[in-house]
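# Summary of structural features
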Protein chains: 2
Amino acid sequence: MLEIECKLRVPALEPVRERLLISHGTPLGTFAERDSYFNAPHRDFGTTDEALRIRYLDGRCILTYKGPKKKDYHFKAREEINVDIASGEEFEVLLTSLGFFKVAEVRKTRENYRFRGATISLDTVEGLGTFVEIEAPNRIDLKDPEKLIEDIARELGISGTPILTSYLELLLATR
Amino acid sequence: MLEIECKLRVPALEPVRERLLISHGTPLGTFAERDSYFNAPHRDFGTTDEALRIRYLDGRCILTYKGPKKKDYHFKAREEINVDIASGEEFEVLLTSLGFFKVAEVRKTRENYRFRGATISLDTVEGLGTFVEIEAPNRIDLKDPEKLIEDIARELGISGTPILTSYLELLLATR
């Protein structure tokens, strides 16, 4: 699966939420997410631009691998593999046995909306602030996902430069 | 979890099955198991005596890590971590992205019995033959799991030297 998304820092989430509701965005729920990020013993994911994450979300545990960001897109685009696992805690022990090590935990509240086929996330990230993520629909027939993302950002009144780094990178940069 | 087990090669499974049923062993079912074994990019599990396996079993996918065999036991004893995963195929892609690589697949039919608290497996392994595995119950109050295993083997009429290597190692040795 190829993920194309745009992350923007916003001073507050309320104006975006209002615009979404006025424009008939569909609320998909609010979730408390805790992400454990691991690095590898044989290559530094900070250098290779990969990520290995266990997400704890509403009783579920989802393992995610993200490949390096692809250069030929303006926004963030990368390979992503997701597998549900029965126990994140046990899997963390397994990863540690293999020589992987935890680098950080990212905790956020995420409020999701469906809007013009895209997924809009209003994020409050512990220690970082408030952000909006716009993820293009994963459809082969979608000609220009980047234009769709730009249109949506404008429609929701969000301006500013897209942030190409992850919450993990932002968090590590504050240390 | 510490796993203590004994594997023995047998010329045929029928005599063992008969003894188990006469001695009121409880049949736990017969399973077709397919195991994908992976090696790591940063250390050779053949040298470190570890194992990373995805087991496909009756619609389930179970990820297993086995640590090095412990030297202070006569039979096989090692740390084992098991985590159910939603898709073994997706997880194999993820492992490959991380630099791990598949070394072999082991296919077997396994017929399980509960007997005197232990788990007895009658195994027919593709390309290897027929084996019986006796796994001691994982109970803290069990004083001498090795003696229990020896008693059970005698009771079931199984003789021969315990095989300390895994099916994977046996299979790789035939190549």
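Our subject is the structure that appears above.
Residues numbered from 1 in each chain as written. Chains lettered and ligands numbered in written order. Predicted model: local features only at pLDDT ≥ 70, side-chain atom pairs only at ≥ 80, totals over all residues. Heavy atoms only, no water.

### Re the interface of chain A and chain B
- Contacts between the two partners involve 23 residues from chain A, matched on the other side by 23 residues from chain B.
- Interface area, chain A with chain B, both sides summed: about 1,800 Å², of which 76% is carbon and sulfur.
- Broken down residue by residue, the surface that chain A buries against chain B is led by Ile81(A), Leu94(A) and Leu98(A), which jointly contribute 30%.
- For the pair chain A and chain B, the number of links is 0 salt bridges.
- Connecting chain A to chain B are 6 residue pairs in polar contact (both at pLDDT 80 or more).
- Taken together, the elements giving at least two residues each to the side of chain A that touches chain B come down to β4 (60–66), β5 (76–85) and α3 (88–97) of chain A.
- Looking at the side of chain A that touches chain B residue by residue, the classes come out as 14 nonpolar, 5 polar and 4 charged. (Contact = heavy atoms within 4.5 Å. Buried area = accessible area lost by both parts, 1.4 Å probe. Salt bridge = Lys/Arg side-chain N within 4 Å of Asp/Glu carboxyl O. Polar contact = N/O pair within 3.5 Å; in protein donor to acceptor, adjacent residues only side chain to side chain. Helix = DSSP H or I, 4+ residues; strand = E, 2+ residues; numbered from the N terminus. Nonpolar A, V, L, I, M, F, W, Y, C, P; charged D, E, K, R; others polar.)

### A short note on the packing of aromatic side chains
- Under the criterion given, the structure shown has 4 aromatic pairs over all chains.
- Ring geometry for Phe91(A) versus Phe91(B): centroids 6.0 Å apart, planes at 90°, classification edge-to-face. Of the two residues, Phe91(A) sits in helix α3 while Phe91(B) sits in helix α3 (residues 88–97), which places them in two different chains. For the pair Phe91(A) and Phe91(B), a shared accessibility class is recorded, and that class is buried.
- Here the aromatic rings of Phe100(A) and Phe100(B) are separated by 6.2 Å at their centres, their planes lie at 20°, and the arrangement is stacked. Of this pair, Phe100(A) sits in the loop between α3 and β6 (101–115) while Phe100(B) is found in the loop between α3 and β6 (101–115), placing the two residues in two different chains. (Phe/Tyr/Trp six-rings, centres within 6.5 Å; stacked < 30°, edge-to-face > 60°. Buried < 20%, exposed > 50% of the residue type's maximum accessible area, 1.4 Å probe, protein only.)

### Digging into the relation of the copies chain A and chain B
- Expressed as a screw transformation, the operator carrying chain A onto chain B has a rotation angle of 180° and an axial translation of 0.0 Å, and the superposed copies differ by an RMSD of 0.0 Å. Read as a symmetry element, the transformation amounts to a two-fold axis. Scanning chain A for the C-alpha nearest the rotation axis identifies Ile85(A), at a separation of 2.2 Å.
- Comparing interface residues between copies, 100% of those in chain A also sit at the interface in chain B, which points to an isologous, same-surface contact. (Least-squares fit on C-alpha atoms with pLDDT ≥ 70 in both.)

### Here we look at unusual backbone geometry
- Here the phi dihedral of Asp49(A) falls at roughly 65°; this positive angle occurs in a residue that is not glycine.
- Position of Asp49(A) among the secondary structure elements: in the loop between α2 (45–48) and β3 (51–57).
- For Asp49(A), a relative accessible area of 16% puts it in the buried group.
- We note that Asp58(B) has phi near 60°; this positive angle belongs to a residue other than glycine.
- Structurally, Asp58(B) can be placed in the loop between β3 (51–57) and β4 (60–66).

### Structural notes on the pairing of β3(B)
All names here are of chain B.
- Counting buried positions along β3 gives 7 out of 7 residues, so the element sits mostly inside the fold.
- Side chains Ala51, Arg53, Arg55 and Leu57 of β3 all project onto a buried face; the interleaved residues Leu52, Ile54 and Tyr56 project onto the opposite face, where all are buried too.
- Alignment of strand β2 (residues 26–39) against β3, held across 6 bridges, turns out to be antiparallel. Along β3, the bridge assignment pairs phenylalanine 38 with leucine 52.
- Here β3 runs beside β4; their pairing, made up of 7 bridges, is antiparallel. Bridge pairing in β4 links arginine 55 to isoleucine 62.
- Adjacent in sequence and paired antiparallel, β3 and β4 are bridged by 2 residues, among which aspartate 58 carries a positive phi angle near 60°. (Pairing = 2+ DSSP bridges.)

### Section: the side chain of Arg53(A)
Residue and element names in this part refer to chain A.
- Note on placement: arginine 53 falls in strand β3.
- No salt bridge is formed by the buried arginine 53, whose closest oppositely charged neighbour, aspartate 35, lies at an N-O distance of 4.3 Å.
- Once residues within four sequence positions are removed from consideration, arginine 53 is found in contact with Asp35, Ser36, Tyr37, Ile62, Leu63, Thr64 and Lys66. (Lys, Arg positive; Asp, Glu negative; His and termini not counted.)

### A word on α3(B)
Residue and element names in this part refer to chain B.
- All of the buried residues in α3 are Gly88, Phe91, Glu92, Leu94 and Leu95. For α3, the arc enclosing every buried residue in end-on projection is 160°, short of the 170-degree limit, so these residues lie on one face.
- Backbone geometry just after α3 places glycine 99 at a positive phi near 100°. (Arc of directions from axis to C-beta.)

### Quick notes on the pattern of salt bridges
- All told, the structure shown has 38 salt bridges over all chains when counted by the stated rule.
- Linking Asp49(A) and Arg78(A) is a salt bridge whose minimum nitrogen-to-oxygen distance equals 3.3 Å. Here Arg78(A) lies in strand β5 and Asp49(A) lies in the loop between α2 and β3, a separation of 29 residues in the sequence.
- In this structure, Arg110(B) and Asp123(B) form a salt bridge, with 2.9 Å as the shortest nitrogen-oxygen distance. Here Asp123(B) lies in strand β7 (residues 118–125) and Arg110(B) lies in strand β6, a separation of 13 residues in the sequence.
- Because the salt bridges share partners, they merge into one network encompassing Arg34(A), Glu92(A), Lys102(A), Glu105(A) and Arg107(A).

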